[in-house]
Amino acid sequence: MTDQTSSSIDAGDMAAETVSPGSSVDRMLALCVLLVLGAFAASLMNLVQVWMDSEEYGHGVIVPIISLYMYWLNREKISGQTVQPSWLALPLAVAGGLLHLLGVMADVDVAAYYGLLLSLAALPMAAGGWRLLNQAWYPLLLVLFVIPLPYLLSTLLTARMQLVSSDIGVAFIRLFGLPVMQDGNVLYMGDFSMLVEEACSGLRYMYPLVSIALIVAYFYRGPVWQKLLIVLSTIPITIGMNSLRIAVTGLIIRYWGSQAAEGFLHSFEGWIVFMLAFALLMLEIWVLTRLFPNGQSFTQRLEIVTPQQLAPVHVSRSPVARLMLTTAVIVAAGISAHVYSFVATDTIPERERFEQLPFVIDGREVFPDRLSSDVLSVLRPHDYFIGDYKRMQVQSPGELTGAEQTPLASAIPISLYLVYYEAQKEGSVLHSPRACLPGGGWEQRDGGTVALEALGGEGDANRVIISRNGRRMLVYYWIHQQGVNYADEFVARASLLWQSLTQGRTDGGLVRVIVPLPDETVPAAERKVAEETAEEALRSFVKALIPSLPRFMPS
């Protein structure tokens, strides 16, 4: 080692190692990465399968390769510098290993994937401290964006994107001079209707376009605000192009029939939309180059510079102990998760099916209904009930009690929806009405919670007034999960993780009760009385329903 090199090392360092790309430290780090990936093989294979099966995340297969290339290019930034391994890698490895283990134990794949990513971040920290982690954070960020979002968040985002795309799609159709009426995600154009399904929410375009924008922003030679603009602009670009696709699909159906919009043409149309969205992204970069040239052309802004003959990297102290201990902790967590997934089984409690639900509740007789196969393919429940409870005849005032001392209250129908999952897994979990109702065209006008103690239960329920095309409804709904009622689905999900870890159970259900309200055209004084009467009828029904729920949703 030369005197010049030695002078760059801190005086407090007793030993130093000068390495270059491809040296023993690099090979050791690569070996540790392979060991970690092997220990997390089950979760890694699940993630790859998600990429292979998903249209939204299909690009994830090539993202790790691009990330590795980015990591290699980043070595130019630390060449000729001194890096020092850090013991902070150990708590980061413990956090990643525990998150992965908990994710496997609770059957939450997303948590297991995040644990894998944290564990991988701990390795460069152990080998070269913050400087080496700084080299790896952007490639890891790119991988983060191809990990599927948590299911509840993904469901809410999908529902919102559906509705926004439908709204703007209607505007495009009207811009083309065609009449269209919208009811949530259903568009009516003359003698046919078109449903904007979950697959048409636009997320299958947005996710890959965001990844492309992240890659472009990394190589883009410009200020940070322009990089952020490139990434964030993918959201309006995706929404706009997807809405245009919905409008074009409507036009095709209008003039050439529904068969013309299906099959190959539908898929080909999707590719065209994505390529147009990508072209808009490139056009945006070209505009930024023209507005803020800084002496660079469009190609120079996106030029990839490969590292050549990198100067040696000075490693202060040996990273062997830190790197090997960090790897051992991660591998132990990965093996423990694998063993647990091999021996663990779900605890499925005994219960009665909803077909045994009482025919008469609160003096009302049941009129059952059924969900369509399309809806069931999305919900994927183990058991469900949907139907109305009505009084066939209006009793005389002397036969009515409580909230139904008026013929009006007695005649009000009560709609009941129950759904139950024996084991809530990714893709088969409770769907919140907060996400489903807007898709049907219902708008939330008022919201809050109501205590179930006054109705013979425990916990809280959501109380929401919804409206659509002049119709108004009052909705009570809550999650009934292993004997506890929740109004907040995120709190319920967190509790479910704990129950999964301590009892091996992930079962749960949803209760939704709806009563119609008078239209807004009814005079205010009369409407207020009718609303109070309807809610009292609803509360009376819920009070009669609650004692029977444990038979169908066990504690």
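Preceding block: the structure.
Predicted model only: the values in this text are computed from it and were never measured. (Residues numbered from 1 in each chain as written. Predicted model: local features only at pLDDT ≥ 70, side-chain atom pairs only at ≥ 80, totals over all residues. Heavy atoms only, no water.)

A. Fine view of the nonpolar core. Ranked by internal contacts, the top residues of the largest apolar core, which has 63 residues, are Leu29, Val36, Met70, Leu123, Ile230, Leu323 and Ile330. Per-element accounting of this core gives the leading share, 17 residues, to helix α6 (residues 109-144). With near-sequence residues (within four places) excluded, Val36 lies in contact with Leu116, Leu120, Leu123, Thr327, Ile330 and Val331. Among the nonpolar cores identified, the runner-up in size contains 32 residues, and Phe385, Ala461, Leu545 and Leu549 belong to it. (Core = buried A, V, L, I, M, F, W, Y, C linked by side-chain atoms within 4.5 Å. Buried < 20%, exposed > 50% of the residue type's maximum accessible area, 1.4 Å probe, protein only. Helix = DSSP H or I, 4+ residues; strand = E, 2+ residues; numbered from the N terminus. Contact = heavy atoms within 4.5 Å.)

B. Region of interest: the sheet that holds strand β4 (residues 186-189). Spatially, β3-β4-β5 is the arrangement adopted by the three strands of the open sheet, whose pairing is antiparallel. Every interior strand has two partners, whereas the edge strands, β3 (181-183) and β5 (192-195), have only one. Mean inter-strand twist for the sheet, computed between neighbouring axes without regard to direction, equals 25 degrees. In the sheet, β3 pairs with β4 via three bridges, with the strands oriented antiparallel. What sits directly across from Asp183, in β4, is Val186. (Pairing = 2+ DSSP bridges. Axes fitted to C-alpha atoms, helices over the stretch in contact; angles between N-to-C directions.)

C. Main features of the packing of α6 against helix α13 (residues 320-343). One can describe the packing of α6 onto α13 by two numbers: an axis separation of 8 Å at closest approach and a directional angle of 165 degrees. For the element pair α6 / α13, the angle class is roughly antiparallel. Judged by the twist between their axes, the crossing of α6 over α13 is right-handed. Taking contact as the criterion, the partners of Ser119, Ala122, Leu123, Ala126 and Ala127 in α6 are, on α13, Arg322, Leu323, Thr326, Thr327 and Ile330. Looking at the contact of α6 with α13 residue by residue, the classes come out as six nonpolar, three polar and one charged. (Parallel < 35°, antiparallel > 145°, perpendicular 65-115°, else oblique. Left-handed = near helix turned anticlockwise from the far one by under 90°. Nonpolar A, V, L, I, M, F, W, Y, C, P; charged D, E, K, R; others polar.)

D. Structural context of the side chain of Thr533. Checked against the element boundaries, Thr533 lands in helix α18 (residues 524-545). Within the structure, Thr533 has its side chain in polar contact with the backbone oxygen of Val529 (distance 2.9 Å). (Polar contact = N/O pair within 3.5 Å; in protein donor to acceptor, adjacent residues only side chain to side chain.)

E. Just the packing of aromatic side chains, in detail. Per the counting criterion, the structure on display carries eight aromatic pairs. Between Phe354 and Phe552, the aromatic rings sit 5.8 Å apart at their centres with planes inclined by 35 degrees, giving tilted as the arrangement. One end of the pair, Phe354, is in the loop between α13 and β7 (360-361); the other, Phe552, is in helix α19 (residues 549-552), with 198 residues separating them in the sequence. No difference in accessibility class separates Phe354 from Phe552, as the two residues are buried. Cluster of aromatic residues (ring-pair linked, three or more members): Trp137, Tyr138, Tyr218 and Phe219. One residue, Arg351, lies across the ring of Tyr420, its end atom 4.2 Å from the ring centre. Cation over ring: Lys390 sits above Phe367, and NZ or CZ is 5.4 Å from the ring centre. (Phe/Tyr/Trp six-rings, centres within 6.5 Å; stacked < 30°, edge-to-face > 60°. Lys NZ or Arg CZ within 6 Å of the ring centre and 35° of its normal.)

F. Examining the pattern of salt bridges more closely. Following the criterion strictly, the structure yields seven salt bridges and no others. A single network of salt bridges, built from pairs that share partners, joins Arg351, Arg353 and Asp383. (Salt bridge = Lys/Arg side-chain N within 4 Å of Asp/Glu carboxyl O.)

G. Layout of the environment of Gly128. Structurally, Gly128 is set in helix α6. Through-space distance from the C-alpha of Gly128 to that of Leu323 is 9.3 Å; in sequence the pair is 195 residues apart.

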